[in-house]
Amino acid sequence: MNVLDRAALASLPLLPRPLMRLLSKRYVAGERLEDALERLALLRAQGFPGILDLLGEEIASEAQARAVAASYGEAAQALRRARIDAYVSVKPTHIGLRISEDLAFELYAKLARRCTELDSFVRVEMEDHTTTDSTLRVFERLRRVADNVGIVLQSRLLRTPRDVEALAVGPLSVRMVKGIYLEPPEIAHVEPEAIRRAFVECAQRLFQRGARVAFATHDDLLAERLVALVRTGTIALERYEFQVLLGVRDWLWHTWRDAGHPVRVYVPYGPDWRAYCTRRLRKNPQLFRQVLRDVLLGSRRRPRTT
Ligand code: FAD
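In this report, we go over the structure that sits alongside the text. (Residues numbered from 1 in each chain as written. Predicted model: local features only at pLDDT ≥ 70, side-chain atom pairs only at ≥ 80, totals over all residues. Heavy atoms only, no water.)

### Digging into the overall build of the chain
Next, step 1: A count of helices and strands for the chain gives 12 helices and 8 strands.
Next, step 2: Radius of gyration (C-alpha) of the chain: 19 Å, near the 19 Å computed for a compact globule of 306 residues.
Next, step 3: On the principal axes, the C-alpha backbone points of the chain span a range of 50 × 50 × 45 Å.
Next, step 4: Within the chain, the proportion of its 306 residues that are buried is 54%. (Helix = DSSP H or I, 4+ residues; strand = E, 2+ residues; numbered from the N terminus. Rg over C-alpha atoms; globule rule 2.2 N^0.38 Å. Buried < 20%, exposed > 50% of the residue type's maximum accessible area, 1.4 Å probe, protein only.)

Next comes the structure, spelled out in structure tokens:
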């Protein structure tokens, strides 16, 4: 981390709430579920279905985990009521993975059952490497009791190609990401090109396994390779989509949508936005510079060089 990043990060807790809210506004729908529903409806009108994320992670008690799972159930129901094409995406430590794997499994399974009734879907997100094994175990248990669940895999981690092979046979839905957590070099790729290569190779292998794959990225270079992959493999539109974060490089998602690719937008909301944004920025200080640059210059414009 360079000196500027260090100074910027040290100043984070000192930023006044209105300034922090301004920084996070383009990336977080708001504090209330209604804010997220409003944003999702606007996106839908532009041809983008959504993903709903209630901000938070690393909860400390079983009661909190149960409350979070209940909020997700209510959110899924509200999406259905508003006829919004969006599903919920849940971090394992937000519904108790650190407390107990059984608790996380129980709450995911209950949410998946509720989402089955609502004809919807649940994505199990992936957090840092200390949770990978337990998250995959919970996911495999879930797959045995529900068919409307998907997982996230991170191309940054050296283990991921093995994880792809180890997943049980059967219907499979995977969101491929690079991985937001800066992991130790002993267990992770550090070079951007190696992370991209691993991303494409894992996606290719997942298609060979018959999986549905979501490409969650804003990296246009990587996206070109993924488009080539689906074209050469004649992968049907139902088997892939791009997924993007609210407010990040909007010009890119419009380009993909206009070229006929499905694009789904991830919309976070919730009262925990400040803590969440601060944790994210601390875990990956380069993001802080990106956010500042995007807020100051806007990310809707296509950059001159890509
Ligand atoms: P990068 O090379 O990191 O980014 C390409 C360009 O996009 C950058 O130059 C920058 O301009 C812009 N950019 C990217 N991210 C941001 C941002 N947050 N703010 C401002 N500008 C940005 N990671 C996990 O570990 N687990 C998950 O469960 C998970 N779920 C995700 C769900 C979705 C829908 C998306 C889009 C990402 C998710 N991620 C998750 C994050 C992912 O792992 C990457 O950290 C993130 O997408 C940035 O990588 P990139 O592929 O966009 O490429």
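Let's pick the thread back up.
### Brief notes about the side chain of H94
Next, step 1: Inspection of the secondary structure assignment puts H94 in the loop between β2 (86-90) and α5 (101-117).
Next, step 2: At 3.4 Å, the side chain of H94 and the backbone oxygen of L54 are in polar contact.
Next, step 3: Excluding its chain neighbours within four sequence positions, the residues that come into contact with H94 are L54, L55, G56, E57, E58, I59, A65, V68 and Y72. (Polar contact = N/O pair within 3.5 Å; in protein donor to acceptor, adjacent residues only side chain to side chain. Contact = heavy atoms within 4.5 Å.)

### Focus on the site of the ligand
Next, step 1: Neighbouring the ligand are 24 residues, the closest being M126, K178, G179, T217 and H218.
Next, step 2: Here a nitrogen atom of the ligand sits 3.1 Å away from a polar atom, N or O, in the side chain of R175.
Next, step 3: Contact distances for the ligand include 2.9 Å between an oxygen atom and a side-chain N or O atom of K178.
Next, step 4: Protein burial of the ligand: of its 920 Å² of free accessible surface, 86% is covered by the chains. (Near = heavy atom within 4 Å. Areas by Shrake-Rupley, 256 points an atom, 1.4 Å probe, with all protein chains shown as cover.)

### A word on the packing of helix α4 (residues 62-81) against α5
For any two helices packed against each other, one specifies the inter-axial angle together with the distance between the axes.
Next, step 1: Taken N-terminus to C-terminus, the directions of α4 and α5 make an angle of 15 degrees; their axes are 10 Å apart at the nearest point. When the interaxial angle is binned, α4 and α5 end up roughly parallel. At the point where α4 passes α5, the crossing takes the right-handed sense. Where α4 approaches α5, its residues E62, A65, R66, A69, Y72, G73, A76 and Q77 are matched on the opposing element by L103, E106, L107, L111, R114 and C115. (Axes fitted to C-alpha atoms, helices over the stretch in contact; angles between N-to-C directions. Parallel < 35°, antiparallel > 145°, perpendicular 65-115°, else oblique. Left-handed = near helix turned anticlockwise from the far one by under 90°.)

### Things to note about the pairing of strand β4 (residues 149-154)
Next, step 1: The element β4 is largely enclosed, with a buried count of 6 among its 6 residues.
Next, step 2: Residues V149, I151 and L153 line one face of β4 and the alternating positions G150, V152 and Q154 line the opposite face, and both faces are buried.
Next, step 3: The sheet contact formed by strand β3 (residues 122-124) and β4 spans 3 bridges and is parallel. Across the sheet, R123 pairs through a bridge with G150, a residue of β4.
Next, step 4: In this fold, the crossover linking β3 to β4 by way of helix α6 (residues 132-145) has right-handed handedness.
Next, step 5: In this structure, β4 lies alongside strand β5 (residues 173-177), joined through 4 bridges in parallel fashion. (Pairing = 2+ DSSP bridges. Right-handed = clockwise from strand over helix to strand, strands pointing away.)

### Structural notes on the packing of aromatic side chains
Next, step 1: For the structure on display, the rule yields 6 aromatic pairs.
Next, step 2: An aromatic cluster is present here, built from F207, F215, Y240, F242 and W256 joined pairwise through their rings.
Next, step 3: Here R26 stacks its cationic end above the ring of Y27, 5.9 Å away from the centre of that ring.
Next, step 4: Positioned over the ring face of F105 is R141, at 4.0 Å from the centre of the ring. (Phe/Tyr/Trp six-rings, centres within 6.5 Å; stacked < 30°, edge-to-face > 60°. Lys NZ or Arg CZ within 6 Å of the ring centre and 35° of its normal.)

### Digging into the pattern of salt bridges
Opposite charge on two side chains allows them to pair when their charged atoms are near.
Next, step 1: Summed over the entire model, instances satisfying the criterion amount to 23 salt bridges.
Next, step 2: The shortest N-O distance in the salt bridge between R98 and E58 comes to 3.0 Å. Note that R98 is positioned in the loop between β2 and α5 and E58 in the loop between β1 (50-54) and α4, a separation of 40 residues in sequence.
Next, step 3: Close ionic contact of R175 with E125 constitutes a salt bridge, the shortest N to O distance being 3.4 Å. With R175 in strand β5 and E125 in the loop between β3 and α6, this residue pair connects regions lying 50 residues apart in the sequence. Judged on exposure class, the residue R175 and its partner E125 are both buried.
Next, step 4: Here the salt bridges do not stand alone but share partners, grouping K178, E193, R196, D219 and R225 into one network. (Salt bridge = Lys/Arg side-chain N within 4 Å of Asp/Glu carboxyl O.)

### Description of the sheet that holds strand β8 (residues 263-269)
Next, step 1: The 8 strands lie next to each other as β1-β2-β3-β4-β5-β6-β7-β8, forming a closed barrel whose pairing is parallel. Neighbour-to-neighbour, the strand axes of the sheet open up by a mean angle of 30 degrees, direction not taken into account.
Next, step 2: As paired strands, β2 and β3 are joined by 3 bridges and run parallel to one another. What sits directly across from S89, in β3, is R123.
Next, step 3: Those strands touched by α4 are β1, β2 and β8, and its axis lies near 150 degrees from that of β1.

Geometry only, nothing functional implied.
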